[in-house]
Amino acid sequence: MAPVAHVLFNKIMRFNPKNPNWLNRDRFVLSNGHGCMLQYALLHLYGYDVTIEDLKNFRQVDSITPGHPEAHDTPGVEVTTGPLGQGISNAVGLAMAQAHTAAVFNKPGFELSNNYTYCFLGDGCLMEGVSAEACSLAGHLQLGNLIAIWDDNHITIDGDTNQAFTEDVVKRYESYGWQVLTVEDGNHDLEGIEAAIRKAQEVKDKPTLIQLKTIIGFGSKQEGTHGVHGSPLKADDIKQLKEKFGFNPEQSFVVPQEVYDLCNKAAAAGAAAEEEWNQLLAKYGEQYKAEHDDLLRRLRGDLPEGWEKHLPTYTPADPAIASRKLSENVLNKIFDAVPELVGGSADLTGSNLTRWKGAIDFQPPATGLGTYGGRYIRFGVREHGMGAILNGMAAYGTIIPYGGTFLNFVSYAAGAVRLSALSRVRVIWVATHDSIGLGEDGPTHQPIETLAHFRALPNCMVWRPADGNETSAAYYVSLISKHTPSILALSRQNLPQLEGSVIEKAIKGGYVLHEAEGADITLVSTGSEVSICVDAAKELASKHNIKARIVSIPCFEVFDAQDKEYRLSVLPDGIPSLSVEVMSTMGWERYTHEQFGLNRFGVSGPYKDVYKKFEFTPEGIAKRAIATINFWKDVPNIRSPINRAFQQLV
């Protein structure tokens, strides 16, 4: 892919290595992770902060050039891809974000955002289902700002693609609504490559896939075989290859000065383009001050001043409401105050309640269904594609994206969610139908292991709010956290507004909902089970003369970030504790001495009947609380799990 990279970076793309964050730069995404050395070489040649020493130390511990490019490690790397198919899907998100940004901020004579997104992808990327989901949506959305270049070399790790991949990719992408162009000789035909990219730019209502026919390992003894796919060449092969292409075989990591000179010209042209853009931005600010200031604020990652005052608050006098509905209330209250909040649902709008009143859909104007300035996205039944697209949207720099589906089906998008966390992007999942309380949907839709899975994921906040104030708190922390994705697990069934619940306490991730002097036990819970624990405490007091404290931990990761003194004030020494959550108990041993959960699949039926079957009732919890007290009553000096030695090591 070196020839097409040469054409793209020298003749096509606009970028400024001195300011890798310039808004209107063209985006370059390497979807095929195994070409990562190419990307780092390009960054070095064009003056990004990648040195020859970095290239020599490729894949070394703590190197700026790890095995696969990571956005937060190296300036100039737009997105963290790695798993195949993610990069092209991120590219769709980048293109969507550009289209929206242009629709919102561009004015006559002021095209502040008109960049293209270019993506290199290979056969493996085309095989992955996530790319099909994202590219199908891209075709529907008529994203003419997206140009993908397919490294068509017929090779994957296992060998020739004729073993497993013989579909007609061209016809498939044409059926998606893409323009497809072909360059027969990607190894030599620089003019043909440039002509194809220029032609792709001319089509404004379709994304373009350029079929670039190449030979893998071109020039090496193993060219055209899978042996060169992921392994370094042998010394004799490197020697003959360098001789063939006119390099000194005795030298390593040496770049001729004329190459630097050529690349510096492209970089200088990019710097000049940004300077011209900066002048345009300054004039824009004179005529459109509000829009100018809003754009700069978004690029800083800051939220509008006072936005949090729009978050709804509740008292116990307010009616019981499902937390998915409480989430909808938040969106309705803040959508004007936080204009960069853009998102939608994977074909579950009426169930996720992710669309606020008066929302305009993000759609190509030609469809009559909305505009590119619309903020509500119809992702279709594409959970994994949605997740990867959200990552790309977040990476563009002007949008805070969110996506809705059932909590159980966030698992469909686990690959993309993991990359959200690794990439440190602000993405919000509105994940409804969070428990066995789903009615007729049954075990296929009831998440059991899902929370344990995502709670185990580093740098990912999993919120399971118990009422309205906790839901507002979840949105507050999710929106102010610039470098962490969030999953909001929300109920289908109604939840009462709790005495003792306030936003200020809930934003700490865990707090004492109800204190009891001389308590015999602490009941610790999340979401819909917190209110059942409240009733269980009453059951214990009235029928068994047992005092229970109640703790709500809506978010493990945020609670863990509090200092030890605070955490021990919530879960103190000297008292046994019992966790209650209708999910896998895995992970709860960090906070409680005993765990009451569901380590099996659920069942179908009305939610109250299902809860009763598994004894998630005041009586069932009280029974287990008494058993916990009895088990621990003879243990002197009960230590909180937070104080255990292994926790200190962690």
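Presented here is an overview of the structure given in this document. Numbering of residues starts from 1 in every chain and runs along the sequence as written. The predicted nature of this model means local features are confined to residues of pLDDT at least 70 and side-chain atom pairs, given and counted, to a pLDDT of 80 or more, with totals for whole chains, interfaces and linings taken over all residues. For side-chain calculations, the full set of non-hydrogen atoms in the structure is used, while hydrogens and water are omitted.

Bringing the pattern of salt bridges into the picture now. Opposite charge on two side chains lets them pair, provided their charged atoms get close. The term salt bridge refers to a side-chain nitrogen of Lys or Arg lying within 4 Å of a carboxyl oxygen of Asp or Glu. In the structure shown here, the tally under the stated rule is 28 salt bridges. K325 serves as the salt-bridge partner of E328, at 2.7 Å between the closest nitrogen and oxygen. Taken together, the positions of E328 and K325, both in helix α12 (residues 323-334) and three residues apart, correspond to about one turn of that helix. Note on exposure labels: buried denotes an accessible area under 20% of the residue type's maximum, exposed denotes more than 50%, and partly exposed covers the range between, all computed with a 1.4 Å probe on protein chains only. For K325, a relative accessible area of 37% gives the class partly exposed. Each of D434, R455, R464, E529 and E581 takes part in a single network of salt bridges with overlapping partners. Secondary structure elements follow DSSP: runs of H or I no shorter than four residues count as helices, runs of E no shorter than two count as strands, and numbering proceeds from the N terminus.

Here Q497 lies in the loop between β15 (494-495) and α19 (503-506). Pairs of N or O atoms are called polar contacts if they sit within 3.5 Å, as long as, within protein, a hydrogen donor faces a hydrogen acceptor (for residues adjacent in sequence, only side-chain-to-side-chain pairs). Polar contacts involving the side chain of Q497 include one to the main-chain carbonyl oxygen of P319, which spans 3.2 Å. In terms of polar contacts, Q497 uses its side chain to reach the backbone amide nitrogen of G468, at 2.9 Å. With residues near it in sequence (within four places) discarded, Q497 still touches Y314, T315, P316, D318, P319, A320, I321, L326, D467 and G468. Pairs of residues are marked as contacts when any of their non-hydrogen atoms sit within 4.5 Å.

Another point: the environment of M13. Here M13 is to be found in the loop between α1 (2-12) and β1 (27-30). Taking the relative accessible area as the measure of exposure, M13 reaches 10% and is therefore buried. Along the chain, M13 and S528 lie 515 residues apart, while their C-alpha atoms are 52 Å from each other. The contact partners of M13, leaving out residues within four places of it in the chain, are L8, D26, F28 and Y118.

Right, let's talk about the environment of L451 for a bit. Within the element layout of this structure, L451 appears in helix α17 (residues 450-455). Given the relative accessible area of 1%, L451 is considered buried. Remark: the alpha-carbon pair of L451 and S584, spanning 133 residues in sequence, is separated by 7.9 Å. Apart from residues no more than four positions distant in its own chain, L451 is found in contact with L407, V462, R464, A489, E581 and M583.

To continue, consider the packing of aromatic side chains. When the centres of two rings from Phe, Tyr and Trp lie within 6.5 Å, Trp using its six-membered ring, the rings pair. Their planes under 30 degrees apart give stacked, over 60 give edge-to-face, and anything left gives tilted. Overall, the coordinates contain 29 aromatic pairs when judged by the stated rule. With 5.1 Å between their ring centres and 70° between their planes, Y173 and Y176 make a pair best called edge-to-face. In this pair, Y173 and Y176 both sit in helix α7 (residues 169-176), three residues apart, roughly one turn of the helix. Given the relative accessible area of 1%, Y173 is considered buried. Geometrically, the ring pair formed by F335 and W356 is stacked, given 5.5 Å between the ring centres and 20° between the ring planes. Here F335 is found in the loop between α12 and β9 (341-345), whereas its partner W356 is found in the loop between α13 (349-352) and β10 (376-378), with 21 residues between them in sequence. A residue is classified by how much of its surface remains accessible, and F335, at 17% relative accessible area, is buried.

With that out of the way, let us pick up the packing of α1 against helix α10 (residues 257-287). For the pair α1 and α10, interaxial distance at closest approach is 8 Å and the crossing angle is 45°. Comparing their axes, α10 and α1 come out oblique. Contacts between α1 and α10 pair H6, F9 and N10 from the former with L262, C263 and A266 from the latter. Ten residue types, Ala, Val, Leu, Ile, Met, Phe, Trp, Tyr, Cys and Pro, are classed as nonpolar, four, Asp, Glu, Lys and Arg, as charged, and the remainder, Gly among them, as polar. Counted by class, the contact of α1 with α10 contains four nonpolar, two polar and no charged residues. Lines fitted to C-alpha atoms define the axes here, with helix axes fitted over just the stretch in contact, and angles between the N-to-C directions of these axes take values from 0 to 180 degrees. To sort the angles, those under 35 degrees are grouped as roughly parallel, those over 145 as roughly antiparallel, those from 65 to 115 as roughly perpendicular, and the leftovers as oblique.

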